Amino acid sequence: MKMRAQCDKQTELISASKAQSYRQKLAFHLQQIGQLVINALFTDLEFKVRKRKDRQGNVWWYVYDPKTGHTGCLASEQEVRMWIEESFYRQNSRFSNY
């Protein structure tokens, strides 16, 4: 009878430990989902453009589209404008087919 009580206590401890582990994992995943939602809502979605000069004095334009993750390294302002326009139309054309 005493052995049975010890087995029951051990089973209860294991069950409690598993439940606590499950709650911790669930809390962790909920926290990560919350962070993803916050990032999606409050991330700046405008194009980023930086002008840099290399060692030879050449000007390069680095562009980044945070919506798609696409980047580019371009040689002129005109190319930057074209890249932004193409990126804008490429994104909008995905929705025009529906």
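Conventions used here
- Residues numbered from 1 in each chain as written.
- Predicted model: local features only at pLDDT ≥ 70, side-chain atom pairs only at ≥ 80, totals over all residues.
- Heavy atoms only, no water.
- Salt bridge = Lys/Arg side-chain N within 4 Å of Asp/Glu carboxyl O.
- Helix = DSSP H or I, 4+ residues; strand = E, 2+ residues; numbered from the N terminus.
- Buried < 20%, exposed > 50% of the residue type's maximum accessible area, 1.4 Å probe, protein only.
- Pairing = 2+ DSSP bridges.
- Phe/Tyr/Trp six-rings, centres within 6.5 Å; stacked < 30°, edge-to-face > 60°.

Asker: So what about the pattern of salt bridges? Which residues, and what values?
Answerer: Within this structure, the stated rule accounts for one salt bridge. Taking the shortest distance from any N to any O, the salt bridge between E77 and R81 comes out at 3.6 Å. Residue E77 and its partner R81 are located together in helix α2 (residues 77-96), separated by four residues, close to a single helical turn. Relative accessible area serves as the criterion here: at 44%, R81 is assigned to the partly exposed category.

Asker: Please give an account of the pairing of strand β3 (residues 70-74) that cites residues and values.
Answerer: Pairing of strand β2 (residues 59-65) with β3 involves five bridges; the strand directions are antiparallel. Paired with V63 across the bridge in β3 is G72. Connecting β2 to the next strand, β3, in antiparallel fashion are four residues, including G69 with a positive phi near 85°.

Asker: Kindly report on the packing of aromatic side chains, identifying the contributing residues and their values.
Answerer: This structure, assessed with the given rule, holds two aromatic pairs. Geometrically, the ring pair formed by F47 and W83 is edge-to-face, given 5.9 Å between the ring centres and 75° between the ring planes. Taken as a pair, F47 in the loop between α1 (2-42) and β1 (48-53) and W83 in helix α2 lie far apart in primary sequence, 36 residues in all. Classification of W83 by relative accessible area gives buried; the value is 13%. Ring plane angle 70° and centroid distance 5.4 Å describe the contact between F88 and Y89, whose orientation is recorded as edge-to-face. F88 sits in the partly exposed class, given a relative accessible area of 43%. Using a relative accessible area of 55% as the deciding quantity, one classes Y89 as exposed.

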